[in-house]
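So the chains spell out like this:
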Amino acid sequence: MKNLYIGRHSTDPEVALMMLLAYLSYMLAELFHLSSILTVIFCGIVMCHYTWHSVTDKSKVTTKHTFAALSFLAEIFIFLYVGMDALDIEKWDVVPDRWHLLRMGGSSVSGDKTTYVIVGKAQLVQCLEYLLNAN
């Protein structure tokens with residue numbers, strides 16, 4: 001991309017091309033009924049390896065700030081959506097007669113799941129700590 005004429009005077013075409021390539025991979029995955037999330041992740045890995053070293057220094061700075069701003073806006077939207085969804089009273093309406101279905105052997109299913117998650121996370125941290133300290 002450094003040798004092409006599109007990025008010599010302005011960073012806009014290079015940044016737009018990088019964004020369009022990511023969106024193109026998403027659209028092609030949807031067209032062929034593939035996993036679009038995995039396609040975008042793979043596209044990001046390939047673009048990081050090849051495209052990032054081919055753009056000009058100005059475009060690198062512009063792209064970094066553009067994608068940082070877009071990811072920040074996406075996080076805001078997701079947390080607002082989850083927060084508004086959590087306040088929906090109809091989803092939290094529980095029928096008292098069904099509480100016995102959640103109890104099994106004197107312990108609640110959600111309590112067991114929480115314990116499993118905590119123990120699993122502790123084991124994962126120990127494994128990762130061992131791998132990092134082995135080198």
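Residues numbered from 1 in each chain as written. Predicted model: local features only at pLDDT ≥ 70, side-chain atom pairs only at ≥ 80, totals over all residues. Heavy atoms only, no water.

Scanning the protein from N- to C-terminus turns up five helices and two strands. Each of the 135 residues in the protein was classed as buried or not, and the buried ones make up 11%. In the protein, once contacts between residues fewer than 6 apart in sequence are set aside, the share between residues at least 24 apart is 53%. In the form shown here, the protein has an accessible surface area of approximately 11,600 Å², with 69% of it arising from carbon and sulfur atoms. (Helix = DSSP H or I, 4+ residues; strand = E, 2+ residues; numbered from the N terminus. Buried < 20%, exposed > 50% of the residue type's maximum accessible area, 1.4 Å probe, protein only. Contact = heavy atoms within 4.5 Å. Areas by Shrake-Rupley, 256 points an atom, 1.4 Å probe, with all protein chains shown as cover.)

We now examine the confidence of the model for the protein. Per-residue confidence for the protein gives a mean pLDDT of 80; residues scoring 70 or more make up 76%. Taking the mean pLDDT of every element in the protein, the minimum, 53, falls on strand S1 (residues 103–104) and the maximum, 89, on helix H3 (residues 57–86). (pLDDT = per-residue confidence, 0-100.)

Mapped onto the elements of the fold, Ile37 is located in helix H2 (residues 36–51). On the accessibility criterion, Ile37 (60% relative accessible area) is exposed. Separated by eleven residues in sequence, Ile37 and Tyr26 place their C-alpha atoms 7.6 Å apart.

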